[in-house]
Amino acid sequence: MSAKKNILIIDINHWDREQLSRTNVPWESKYNLLLYEYESRWHRPSFDALTYIEDTIKKFKRAELTGIASSGDYPGCILAAAIAAELGFPAPTAESVLTCSHKYYSRLAQREAAPKAAPRSFLINPGKIKKEDITLDFPLFIKPVKSWSSVLARRVDSFDEMKSFLSQPTVRRFKTRYLRSFNRLVERYTKFESNGGCFLAEQLMKGHQVTVEGFVFRGDAQVFAVVDSIMYPGTISFERFEYPSSLPESVQRRMACIAKKVLRRIGYDNGMFNIEMFYDSQKDLIQIVEINPRMVGQFADLVEKVNGTNTYEIMLALAAGERPVVKKRKGKFKVAASFVLRCFEDKRVVRLPDRNQINKLKRLLPETLVHLFYEEGERMSDYEHMDDVESYSYAMINMGAQDRSSLLAAFDQAKKHLTFSFADIN
């Protein structure tokens, strides 16, 4: 039997801990996983991405590694690409990862590869915005060129509303706290003229929203999952993600084709991706929301529940330089979903489900995952837990079932078994 391959996992998140700590999984006999926690997290002003890269290379240069991976949106996937290049491991280039991550330069590539899939947009500097710079009619959707989740993304209906929002202290704090390392990475690995401090303004998109998830191995791009994104009514806040998608197979194939064209134009290779898209059935139009050069940890067990392949298995195979083998519809369930529990106003967390409650739920509904974002006593508006401009996500529940109605019924049952209590902020 051949020796196990050593894979370094960086920028560890809760999905990594949940999935990679499991036993009796396919990758257990193939890989030794080194989960590297770093003392200074990216959201602290003291974090320096370039120092992290240098320190990690020094620490693991003689560790007989085979590859490196990260499921982290930022800075994980960018750092992993940069470190992999230095150590000679298979991975996307740092430049291609940054091109995907920077929403403006990603849009430029999309326009070249799939013009109809790229909504009209323009770049705006929050500190120097002028009315004459607006090249599209309102309403518009604005978002930072680099962010996470839906932070600071919103619809604006007039120039005054846009200017007022972009002048808020939250925007200024976001630029100084979140973007320092991103800007240094852009400067080091690209020739971009604009760093992460700007916003993108673009036409509104509508329709059926999905996430297209796949990988590229030695130039061959494959899509293995299309996941429906369902919002709380009247908001841009995700309520749940359902797999498999309810879109027609023909539309899903077109989405896969668009994804492959754009990734080829960017030069993205040997890595995972997820691309958020809209399908407007009235216009028969597919448009790209954004490209994320990484897997979705939140969806890993959803794909496993339905297909039989956990997406962490795909990530590890790519890191080891191996072609992933993906099963199709071989899982225990026909459908699966990740439900997002939210509050739409700031609250203080009084009580959360304890370990006994969660374990009891898992015995009742096997293979259910529960993740909590806060601890008792915390205020939801704590910056590190920020999700979008409208709400605060406080828990996620991942479940599988044999049909959609059974899935929704199981979620209702789960909520009855888990105790959440919140208090108003005085």
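The paragraphs below set out a description of the structure included in this document.

What counts, and at which threshold
Residues numbered from 1 in each chain as written. Predicted model: local features only at pLDDT ≥ 70, side-chain atom pairs only at ≥ 80, totals over all residues. Heavy atoms only, no water. Helix = DSSP H or I, 4+ residues; strand = E, 2+ residues; numbered from the N terminus. Rg over C-alpha atoms; globule rule 2.2 N^0.38 Å. Buried < 20%, exposed > 50% of the residue type's maximum accessible area, 1.4 Å probe, protein only. Contact = heavy atoms within 4.5 Å. Lys, Arg positive; Asp, Glu negative; His and termini not counted. Charge placed at Lys NZ, Arg CZ, Asp CG, Glu CD. Pairing = 2+ DSSP bridges. Axes fitted to C-alpha atoms, helices over the stretch in contact; angles between N-to-C directions. Salt bridge = Lys/Arg side-chain N within 4 Å of Asp/Glu carboxyl O. Polar contact = N/O pair within 3.5 Å; in protein donor to acceptor, adjacent residues only side chain to side chain. Core = buried A, V, L, I, M, F, W, Y, C linked by side-chain atoms within 4.5 Å. Parallel < 35°, antiparallel > 145°, perpendicular 65-115°, else oblique. Nonpolar A, V, L, I, M, F, W, Y, C, P; charged D, E, K, R; others polar.

## Things to note about the overall build of the chain
Right, on to step 1. When you go through the chain residue by residue, the secondary structure sums to 13 helices and 17 strands.
Right, on to step 2. In summary, the chain has a C-alpha radius of gyration of 21 Å against a globular reference of 22 Å for 426 residues, a match within 12%.
Right, on to step 3. With respect to the principal axes defined by its C-alpha atoms, the chain has extents near 65 × 50 × 45 Å.
Right, on to step 4. Expressed as a percentage of its 426 residues, the buried residues of the chain come to 56%.
Right, on to step 5. Of the contacts formed within the chain by residues at least 6 apart in sequence, a portion of 72% connects residues at least 24 apart.
Right, on to step 6. Charge-centre separation for the chain: the mean point of 63 positive side chains lies 3 Å from the mean point of 53 negative side chains.

## A closer look at the sheet that holds strand S12 (residues 285-292)
Right, on to step 1. Spatial ordering of the open sheet is given by S12-S11-S8-S9-S10-S13-S16-S15, a layout of eight strands whose pairing is antiparallel. The sheet is open, and its two edges are formed by S12 and strand S15 (369-372), each paired on a single side. On average, each strand axis in the sheet is inclined to that of its neighbour by 20°, with strand direction left out of account.
Right, on to step 2. Bridge count for S15 against strand S16 (residues 392-401) is four bridges, and the pairing is antiparallel. Across the sheet, Leu-372 pairs through a bridge with Ala-395, a residue of S16.
Right, on to step 3. Across the face of the sheet, helix H13 (residues 404-417) comes into contact with strand S10 (238-243), strand S13 (335-343) and S16 while running at roughly 130° to S16.

## Regarding the pattern of salt bridges
Right, on to step 1. Overall, the coordinates contain 24 salt bridges when judged by the stated rule.
Right, on to step 2. With a shortest N-O distance of 3.7 Å, Asp-48 and Arg-180 are connected by a salt bridge. With Asp-48 in the loop between strand S2 (31-36) and helix H2 (49-60) and Arg-180 in helix H8 (residues 180-189), the pair connects residues that are 132 residues apart, well separated along the chain.
Right, on to step 3. When the shortest N-O distance is used, the salt bridge between Glu-202 and Lys-143 registers 3.1 Å. Within this pair, whereas Glu-202 is found in strand S7 (residues 199-202), its partner Lys-143 is found in strand S5 (residues 140-144), the two being separated by 59 residues in sequence.

## Some points on helix H11 (residues 311-319)
Right, on to step 1. Counting buried positions along H11 gives eight out of nine residues, so the element sits mostly inside the fold.
Right, on to step 2. Two or three places before Tyr-312, at the start of H11, stands the capping residue Asn-310, its side-chain oxygen 2.9 Å from that residue's backbone nitrogen.

## Some details on the nonpolar core
Right, on to step 1. Of all hydrophobic cores here, the largest spans 76 residues; its most connected members are Ile-10, Ile-142, Met-162, Leu-185, Met-255 and Met-277.
Right, on to step 2. A per-element tally of this core places helix H3 (residues 76-87) first, with eight residues.
Right, on to step 3. Membership of the second largest hydrophobic core comes to 37 residues, among which are Phe-217, Ile-314, Ala-319 and Ala-336.

## Let's talk about unusual backbone geometry
Right, on to step 1. Note that the residue after Tyr-74, namely Pro-75, is joined by a cis bond; omega there is 5°.
Right, on to step 2. Phi is positive for Leu-152, close to 60°, though the residue is something other than glycine.
Right, on to step 3. According to the relative accessible area criterion, Leu-152 is buried, its value standing at 1%.
Right, on to step 4. Despite not being glycine, Asp-284 shows a phi value in the positive range, around 55°.
Right, on to step 5. Checked against the element boundaries, Asp-284 lands in the loop between strand S11 (271-280) and S12.

## With respect to the packing of H2 against H8
Right, on to step 1. Two elements in contact, H2 and H8, have axes separated by 8 Å at closest approach and are oriented at 70°. For the element pair H2 / H8, the angle class is roughly perpendicular. Between H2, through Ala-49, Leu-50 and Ile-53, and H8, the contact on the second element is made entirely by Ser-181, Arg-184, Leu-185, Arg-188 and Tyr-189.
Right, on to step 2. Considering only residue class, the contact of H2 with H8 consists of five nonpolar, one polar and two charged.

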